[in-house]
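Descriptive structure summary
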Amino acid sequence: MSAAPRFSALLAALLAAGCDADRPAPTAPRSAPAATSAAPARSAAASPAPPPDTDRSYAYPAANRVVAIGDVHGDLAATRAALRLAGAIDGSDRWIGGKLVLVQTGDELDRGDGEQAIVDLFDRLAAEARAAGGAVYALNGNHEVMNVQLDFRYVTEGGFKDFEDVPGLDASSPRLTPVPPPARSRAAAFVPGGLYAKKLAARDVIIAVGDTVFAHGGVLPSHTRYGVARINREVRAWMEGKSPSAPAVIAAEDSPVWARLYSSDPPPTPGSTPCAALDQVLAAMSAKRMVVGHTVQRHGITSACGDKVWRIDVGMASHYGGKPAALEIAGDTVRALTGDATSANNASSEKK
């Protein structure tokens, strides 16, 4: 049997083994950059209204310069290119950003073969940036959540092999028995409480830096009512293996990692239902704008709702064939950074 049929058989076996089997079957990949991840089949059950969440552990101080990078999906070369575009790393992948605050809005995993190196790179850069007075915040996206759910439908053949050399993994654990042997190393890494699940647990789902909110899919009014810090706490507890299942608020089709309310094409305009929801969220979080990834913008970084939301997933991974880009926030000026200096200088910007 050739490699391609073996890989297809492995994916079929994973789904048959019950790895989050209530999700819909994957759709065929598209040749052009597009949002191809299937949405979860379930919605969060109604919960009693919680008391107001006064925990603002998700909020970080403003910085003179903040740069956000969207989905990189296992493409290490594209990740490095985006980090260099941001002025974050040198040619040896060492932090040169000084007091720069860098945010990566999730989906480092799936669709490419360089995932382990990407996760480890962001962890190392976070330590180097902290020592230099800056910061690196990598967030969890829907593909990080899917992997901790052992939903591996978007893993490449190289992505399964990528975790076979991780020291200390227990691929013989009885709880991994339903997983086909070629996928057990990856499963051991990402199962709740596993080494890489714990790395992801150290990351938040939603943060704010100064007056800007960051999330993978988007923050909705229901999320602020539920409690932003509460979402981060509950997802962290699950990924660490301290709670039995993914919290409903993160597994729902309108969760902060799956929502696409602000990412439509054409973009929503002020006064529309999405922009009204955005205004509620920004008021609740004392913020001016939101930055999201998750939904590929075919023509580069775009904004909507009068520049109150910026959509930064440009399909830069080789799976989509896009080009690296980043979003720079310096005071009240927001602009897209690309490999073309002219494009960067003429990018849409917000000045208030």
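Quantities reported herein were computed from a predicted structural model and do not represent experimental measurements. (Residues numbered from 1 in each chain as written. Predicted model: local features only at pLDDT ≥ 70, side-chain atom pairs only at ≥ 80, totals over all residues. Heavy atoms only, no water.)

Our next topic: the overall build of the protein. Within the protein, the secondary structure is distributed over 12 helices and 11 strands. Going through the 352 residues of the protein one by one, you find that 53% of them count as buried. For the protein, the share of sequence-separated contacts (at least 6 apart) that also reach a separation of at least 24 residues comes to 69%. Counting only carbon and sulfur atoms, one obtains 54% of the accessible surface of the protein, whose full area is about 14100 Å². (Helix = DSSP H or I, 4+ residues; strand = E, 2+ residues; numbered from the N terminus. Buried < 20%, exposed > 50% of the residue type's maximum accessible area, 1.4 Å probe, protein only. Contact = heavy atoms within 4.5 Å. Areas by Shrake-Rupley, 256 points an atom, 1.4 Å probe, with all protein chains shown as cover.)

When the sulfur atoms of two cysteines share a covalent bond, that bond is a disulfide. All chains considered together, the criterion is met by 1 disulfide. For C275, the disulfide goes to C305, at an S-S distance of 2.0 Å. Because the sign of the S-S torsion sets the handedness, a value of about -85 degrees for the bond joining C275 and C305 places this disulfide among the left-handed ones. Of this pair, C275 sits in helix α11 (residues 273-284) while C305 sits in the loop between β8 (302-304) and β9 (309-311), and the two are 30 residues apart along the sequence. Note on C275: relative accessible area 2%, which makes it buried. Classification of C305 by relative accessible area gives buried; the value is 4%. (Disulfide = S-S within 2.5 Å.)

What follows concerns the confidence of the model for the protein. With 81% of its residues at a pLDDT of 70 or more, the protein has an overall mean of 87. Predicted confidence is poor over residues 18-39, with pLDDT under 50, and the contacts of this stretch with residues over four places away or in other chains come to 55 contacts. Segment residues 341-349 is flagged for pLDDT under 50; beyond a separation of four residues in sequence, or across chains, it makes 19 contacts in the model. (pLDDT = per-residue confidence, 0-100.)

Take the nonpolar core next. Ranked by internal contacts, the top residues of the largest apolar core, which has 48 residues, are I206 and M290. Ranked by residue count, the leading element in this core is helix α9 (residues 228-239), at 6 residues. In contact with I206, not counting residues within four places along its chain, are Y58, V213, F214, A215, V219, V228, I231, N232, P256 and M285. Counting residues in each nonpolar core, the second largest holds 43 residues, with A126, A138, I207 and I312 among its members. (Core = buried A, V, L, I, M, F, W, Y, C linked by side-chain atoms within 4.5 Å.)

So, about helix α2 (residues 76-85). Where α2 is concerned, the buried positions are A78, T79, A82 and L83. Looking down the long axis of α2, one finds its buried residues gathered within 135 degrees of arc, a one-sided arrangement. Structurally, α2 contributes buried residues whose contacts are with β2 (66-69), β3 (101-104), α3 (115-131) and β10 (325-330). Directly beyond the C-terminal end of α2, a positive phi value near 75 degrees is found at G87. (Arc of directions from axis to C-beta.)

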